[in-house]
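Each chain, written out:
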Amino acid sequence: MSTSTDGAPPVPRHMQRDRFAPVPETQAARDEPGLIAIRTGFGTPARLVTRYADVREVLGDAERFTNTGLPRLPMPEDGIDPRAGNLLATDPPEHTRLRRLLTGEFTVKRIRRLEPRIVEIVDDHLDAMAAAGPPADLVSAFALPVPSLVICELLGVPYDDRAEFQGRAARQVDLSLPLEERGRVAAESRTYMGELVDRARTAPGDDMLGMLVREHGDDLARSELIGIASLLLIAGHETTANMLGLGTLALLRAPEQLALVRDEPGAVAPAIEELLRFLSVVHSGIPRTVRHDTTVGDVPVAAGEVLVLSLPAANRDPAVVEHPDDLDVTRAIAPHVAFGHGVHHCLGAPLARAEMAVAFPALFRRFPTLAPGIPFEEIEFRSATIVHGLRALPVTW
């Protein structure tokens, strides 16, 4: 069970996990009347929403529940508003304006044009794993670098800088670190992205940053370009990387289901949706603040209250999914909120699905005897990060 880290404050309730699942106390909250009181990662009071219907209700109603209601931190010394360009921290119409500029880059049609390059990237990393021989850490050798390289190429970020930005990203999402340190790392990240934005404004390339500068340079402030690029860089590799690591481990524990993903092309897409539901690597997304007195389901909530949404608990709601705590890639695709819902539904969902659709079958075909290198009980899950995942996954073949 993931409840705390040495010398750090307790992990917030909504981030506590028992391996793949939310802790039993969070699961049980679905059956309790009302909405239980918790603390956010900042130590501030909130109420936890766990039922699928209630989570969708809050996610889908930007009129009653805002993403911008949390207290604003002091302006950092670099003078760049950390919320500028961050789609997660805006509401319509500002959110609509920003998202419209990016939507064309993440359409299914656009992602399909990227698939040959995704295949190359996956094959290159599998070749490197095979050449190095077992054992290997699947996280560092495959799960992390594949989506990192994809998003680097899409954005126009030099891949040689990956160790630095991956390190910064990991610290920004680690709530066990002091707020001051995470703020300092965020400022370093903005400085780095500012340099890339300035380079793109001088000589825009064929990547997404270049496109934004060429087509929308007059509509976007420098701070907004920095915010957009920073969000996409972090979200574009942290989420998919942890899905690849956790998904591989989950399938290694279900050999018959792994075989379907490996051998049956038609089984891959439903399997990805089931893995997204079962793993729910994003614990909650941005907390919502109640705009005015209203209800969630039949529970009264007051203006100013903060609601934290447990996506993993919602995705395991027995009112929606039969035997929700079982991984079953053969089930009819179950509804889930792993990518959110409503206006903030994950912009990069088609890209994440495409990467997983290539990576999982290719990995299992290349290494048909792939197996964990240590007992399941010894595998270390990340305990205090905004995105759930593994610290490492030793494998052999």
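Residues numbered from 1 in each chain as written. Predicted model: local features only at pLDDT ≥ 70, side-chain atom pairs only at ≥ 80, totals over all residues. Heavy atoms only, no water.

Taking an unreviewed UniProt entry as the reference, the protein is identified by name as Cytochrome P450 belonging to Actinomycetospora chibensis.

Asks: A description of the sheet that holds strand 11 (residues 371–372) should follow, citing residues and the corresponding values.
Replies: Here three strands make up an open sheet; going across it, the order is 6-12-11 and the pairing antiparallel. On the outer flanks of this sheet lie strand 6 (136–137) and strand 11, each paired with one strand and no other. (Pairing = 2+ DSSP bridges. Helix = DSSP H or I, 4+ residues; strand = E, 2+ residues; numbered from the N terminus.)

Asks: Kindly report on the pairing of strand 4 (residues 45–49), identifying the contributing residues and their values.
Replies: Of all the five residues making up strand 4, four are buried; the element is thus mostly covered by neighbouring parts of the structure. Judged from the three bridges that link them, strand 3 (residues 37–39) and strand 4 form a sheet pairing that is antiparallel. By the bridge assignment, Ala-37 is partnered in strand 4 with Arg-47. Hairpin connection of strand 3 to strand 4: five residues between the antiparallel strands, including Gly-43 at a positive phi of 85 degrees. (Buried < 20%, exposed > 50% of the residue type's maximum accessible area, 1.4 Å probe, protein only.)

Asks: Can you explain empty space enclosed by the protein? Please cite residues and give values.
Replies: The final tally for this structure, using the stated rule, is two cavities of 30 Å³ or more. Reported here for the largest cavity is a volume of approximately 50 Å³. What lines the largest cavity is Phe-165, Arg-168, Ala-169, Gln-172, Ser-189, Tyr-192, Met-193, Ser-230, Leu-233 and Ile-234. Elements with a contribution of two residues or more to the lining of the largest cavity: helix 7 (162–172), helix 8 (179–202) and helix 10 (222–252). No other element matches helix 7, which puts four residues into the lining of the largest cavity. (1 Å grid on protein atoms, 1.4 Å probe; cavity = no way out; pocket = protein on both sides within 12 Å on 5 of 7 lines; lining within 4 Å. Points joined across faces, edges and corners; volume = space filled by probe spheres on them.)

Asks: So, the pairing of strand 10 (residues 306–309): which residues are in play, and what are the values?
Replies: The two faces of strand 10 match: Val-306 and Val-308 on one face and Leu-307 and Leu-309 on the other face are all buried. With three bridges joining them, strand 4 and strand 10 adopt parallel strand pairing. Bridging across to strand 10, Leu-48 finds its partner in Val-308. Summarising the sheet, strand 7 (residues 288–290) and strand 10 pair through two bridges and their orientation is antiparallel. Bridge assignment links Thr-289 to a residue of strand 10, and that residue is Val-306.

Asks: An account of helix 11 (residues 255–263) is requested, with residue identities and associated values reported.
Replies: For helix 11, the set of buried residues is Gln-257, Leu-258 and Val-261. Along helix 11, the residues classed as buried sweep out an arc of 105 degrees about the axis, all on the same side. Opposite the buried face of helix 11, by more than 90 degrees, sit the exposed residues Pro-255 and Glu-256. Those residues of helix 11 that are buried lie in contact with helix 10, helix 12 (265–279) and helix 14 (349–366). (Arc of directions from axis to C-beta. Contact = heavy atoms within 4.5 Å.)

Asks: Talk me through the packing of helix 10 against helix 12; I want residue IDs and the actual numbers.
Replies: Remark: helix 10 packs on helix 12, axes separated minimally by 10 Å, with the N-to-C direction vectors making an angle of 100 degrees. Between helix 10 and helix 12, the crossing angle belongs to the class labelled roughly perpendicular. In contact with Met-243, Leu-246, Gly-247, Ala-250 and Leu-251 of helix 10, helix 12 contributes Leu-275, Leu-276 and Leu-279. Its residues assigned to classes, the contact of helix 10 with helix 12 shows seven nonpolar, one polar and no charged. (Axes fitted to C-alpha atoms, helices over the stretch in contact; angles between N-to-C directions. Parallel < 35°, antiparallel > 145°, perpendicular 65-115°, else oblique. Nonpolar A, V, L, I, M, F, W, Y, C, P; charged D, E, K, R; others polar.)

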